[in-house]
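# Structure assessment
Listed here are the chains, written in short residue letters.
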Amino acid sequence: MSAWQITRKDLLLLLKDRRAVVLLLVLPLLFISIVGMSTGQFLTRDDDNQRFRIMIVDQNSSSLSEEVVQSLQRHREFLIKKAATPEEAYEAIQRGDASLSITIGPDFERRAEELRISEIFNSETGPLAGGPEALDIKLEVRPAAIGLGRLLEAVIFTQVIKVVAPVAARKNPVTRTWVTETSDEEMTANSTAVASSVEKHIPGLTAVYSWIVPGFTVMFAFFVISVMARSFIAERENGTLRRLMMAPISPISLLAGKIAPFYLTSVIQCLLLFLCGRMLFGMSWGPAPVYLLPVVLCTSLAATALGLLLATVVHSDQQVSSYGTTLILVLSSMSGCFFPRDMFPQTMKKISLVTPHAWALKAFDAVLTHATVDIATVASCCSMLILFAAVFFTAGVWRFRTVG
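Residues numbered from 1 in each chain as written. Predicted model: local features only at pLDDT ≥ 70, side-chain atom pairs only at ≥ 80, totals over all residues. Heavy atoms only, no water.

### Regarding the overall build of the protein chain
Test applied: The helix count covers DSSP runs of H or I at least four residues long, the strand count covers runs of E at least two residues long, and both are numbered beginning at the N terminus. By definition, residues are in contact when any of their heavy atoms lie within 4.5 Å. The accessible surface values rely on the Shrake-Rupley method and a 1.4 Å probe; as for residues, cover is taken only from the protein chains in view.
The number of helices and strands found in the protein chain is 18 helices and four strands. In the protein chain, the share of contacts with a sequence separation of at least 24, taken over all contacts with a separation of at least 6, comes to 79%. Put simply, the protein chain shows about 20,400 Å² of open surface, and 61% of that area lies on carbon and sulfur atoms.

The following block contains the structure:
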């Protein structure tokens, strides 16, 4: 008997097990489709759901305040709606119809005209150190979304400064000539470039799918451990596992043959999820998608090796449900599958590296979110995943020989 014959047998059994097929292939696709529908990217392709909804109350009613409103309306990430009163805007936030409200106060134009160009460049200690409120602009969000509000405030303040800066520049003899000679098109292009440069360094305002899809992909890749454990238990109860151990084949070849079908299934599952990410979200696969393949292969290798170790530890279906589910949820939550690792505290980032999930997410990030693929990071992360797989597989083989 060869490892290939065992692989063929287990692959046929896996395909006949509808529960396993649903868990490994159908459930992840269904889950990510629901995420796609909830964000308006599946079926409806509602682009408005990709934008932050903002209510604006303009109590200043000046040409300068209207220019601020128009500047925000041109921002591709914002969906701007006007409200007559702050109370109306607040009610929209409470209903969930808006992410935040902006109230441009009656004193906005006067404060903007009093600014000097030096005070704009000295925003940390000057009058603008108070943020938008220094210009009589108030932002309001629900307490539960205070973190999002701070991110939006930074971008909105950038847009306001883009409008106010030329007003201050015209009062300075040095910059007045430049403002006068610069065309409106050049002013808009320059200020937009500055705003875009700032926004690139503010997380959370670009598409979130660069961590949602990899996060769910890594999490579901490790769902294979429960299916593998149940397969071992079924063969142990039927007596086929003992007969296989008596066959003229080494334990390592036997186990390699048994995990191969699950490894293949895990790879297919990961590739399907990235394909769905492209179809449902229009997510980018990075500048060189070919580097996704080694990350997927190494992630699936670590997952199936961990599944082998779990299969040699559990002795009943109840233990599979308990140990397997706990292992999946704990490792996924502490590694960054549910929440971006970039927003973890430094201590938690270091702790997360004890999981193979974190290394897989680092590798996916290096492929998907950089202008050029960080090959060194991809190589080091894949090496760590292979190391995890080797440790899990070695421990699994030892347990298999000891316990049987």
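### Comments concerning helix H14 (residues 292-313)
This is how it is decided: Each residue after the first adds 1.5 Å to the expected span of a helix. The rule is simple: take the accessible area with a 1.4 Å probe, protein chains only, and divide by the maximum for that residue type; under 20% is buried, over 50% is exposed, in between is partly exposed.
Look at H14: 32 Å from first C-alpha to last across 22 residues, which is about the 32 Å you get at 1.5 Å a residue. Where burial is concerned, most of H14 is hidden: 17 out of the 22 residues are buried.

### Description of the pairing of strand E1 (residues 52-58)
Our working rule: Strands were regarded as paired on the criterion that DSSP finds at least two bridges between them. Seen with the strands pointing away from the viewer, any crossover whose path from the first strand over the helix to the second strand runs clockwise is right-handed.
In terms of burial, E1 is a largely internal element, five of the seven residues being buried. Relative to strand E2 (residues 78-82), E1 is paired through five bridges, and the arrangement is parallel. Bridging across to E2, Phe52 finds its partner in Phe78. Following the chain from E1 across helix H3 (residues 63-73) to the adjacent parallel E2, one finds a crossover that is right-handed. Alignment of E1 against strand E3 (residues 100-104), held across five bridges, turns out to be parallel. Looking across to E3, one finds that Asp58 is bridged to Ile104.

### Digging into the packing of H14 against helix H15 (residues 317-335)
Note the cut-off: Under this scheme, a helix contributes an axis fitted over its contacting stretch, all axes are lines through C-alpha atoms, and angles between N-to-C directions fall in the 0 to 180 degree range. By definition, any crossing whose near helix is turned counterclockwise from its far helix by less than a right angle is left-handed, and any crossing with a clockwise turn is right-handed. Polar here means any residue outside two lists: the nonpolar Ala, Val, Leu, Ile, Met, Phe, Trp, Tyr, Cys and Pro, and the charged Asp, Glu, Lys and Arg; Gly therefore counts as polar.
Close contact between H14 and H15 brings their axes to 10 Å; oriented N to C, the two are set at 145 degrees. Between H14 and H15 lies a crossing of right-handed hand. Contacts between H14 and H15 pair Leu306, Leu310 and Val313 from the former with Gln319, Tyr323, Gly324, Leu327 and Leu331 from the latter. Taken together, the residues that form the contact of H14 with H15 break down as six nonpolar, two polar and no charged.

### A short note on the packing of aromatic side chains
The cut-off we apply is this: The aromatic pairing rule takes the rings of Phe, Tyr and Trp, using the six-membered ring of Trp, and pairs them if the centres are within 6.5 Å, calling planes under 30 degrees apart stacked, those over 60 edge-to-face and the rest tilted. Placement of a charge over a ring requires the Lys NZ or Arg CZ to be within 6 Å of the ring centre, with the centre-to-atom vector within 35 degrees of the ring normal.
Under the definition given, this model contains three aromatic pairs. Consider the rings of Phe388 and Phe392, whose centres lie 5.9 Å apart with planes at 35 degrees: the pair is tilted. A residue pair is termed a helical-turn pair when its members lie 3 or 4 positions apart in one helix, as Phe388 and Phe392 do in helix H18 (residues 375-403) at four residues. Take Phe392: its relative accessible area is 13%, and that puts it in the buried class. Between Arg278 and the ring centre of Trp285, over which it is positioned, the NZ or CZ distance is 4.6 Å.

### Structural notes on the pattern of salt bridges
Condition: Any carboxyl oxygen of Asp or Glu that lies within 4 Å of a side-chain nitrogen of Lys or Arg is treated as forming a salt bridge with it.
With the rule as written, the count across this model stands at seven salt bridges. Where Arg110 meets Asp107, a salt bridge forms, and the shortest distance between an N and an O atom there is 2.4 Å. Judged by relative accessible area, which is 41%, Arg110 ranks as partly exposed.

### A look at a nonpolar patch on the surface
Quick reminder of the rule: Like charges are joined within 9 Å and nonpolar side chains (Val, Leu, Ile, Met, Phe, Trp, Tyr) within 5 Å, but only among residues with over 30% relative accessible area and no salt bridge; these make up the patches.
A contiguous nonpolar patch, built from Val22, Val26, Leu27, Leu30 and Ile34 and spanning about 400 Å² of accessible area, is present on the exposed surface. For Leu30, the location among the structural elements is in helix H2 (residues 18-38).

### Looking at the state of the cysteines
What counts, and what does not: Disulfides are defined in this document as cysteine sulfur pairs within 2.5 Å.
A full pass over the atoms with the stated rule returns zero disulfides. Cys382 takes part in no disulfide bond, and the closest cysteine sulfur to it belongs to Cys298, at a distance of 4.0 Å. Judged by relative accessible area, Cys382 falls into the buried class, the value being 8%.

### Digging into the sheet that holds E2
Reading across from one edge, E2-E1-E3-E4 is the order of the four strands in this open sheet, with mixed pairing throughout. The sheet terminates laterally at E2 and strand E4 (137-140), the two strands that pair on one side only. Looking at each pair of strands side by side, their axes are set apart by 25 degrees on average, direction ignored. Where H3 meets the sheet, it contacts E1, E2 and E3, and its direction lies at approximately 140 degrees from that of E2.

### Regarding the packing of H14 against helix H17 (residues 356-368)
Convention followed: Throughout this description, any angle smaller than 35 degrees is read as roughly parallel, any larger than 145 degrees as roughly antiparallel, any in the 65 to 115 degree range as roughly perpendicular, and the remainder as oblique.
One way to put it is that H14 packs onto H17 with a least axis distance of 10 Å and a crossing angle of 175 degrees. On the basis of the axis angle, H14 is roughly antiparallel to H17. For the pair H14 and H17, the contacting residues are Leu292, Val295, Val296, Thr299 and Ala302 in the first and Pro356, Ala360, Ala363, Phe364, Val367 and Leu368 in the second. Taken together, the residues of the contact of H14 with H17 sort by class into 10 nonpolar, one polar and no charged.

### Considering the confidence of the model for the protein chain
Applied cut-off: The pLDDT value expresses, per residue, how confident the predictor is, ranging between 0 and 100.
On average, residues of the protein chain score 80 in pLDDT, and 82% of them are at 70 or above. Of all secondary-structure elements in the protein chain, the lowest mean pLDDT belongs to helix H9 (residues 184-199), at 46, while H14 reaches the highest, 94. In this model residues 190-207 is a low-confidence stretch, pLDDT under 50, and it forms 20 contacts with partners more than four residues away in sequence or in other chains.

### Details of unusual backbone geometry
Of note in this structure, Ser61 is not a glycine but carries a positive phi near 50 degrees. Positionally, Ser61 belongs in the loop between E1 and H3. One non-glycine residue, Asp136, lies in positive phi territory at about 60 degrees. Within the fold, Asp136 resides in the loop between helix H6 (117-121) and E4. Given the relative accessible area of 14%, Asp136 is considered buried.

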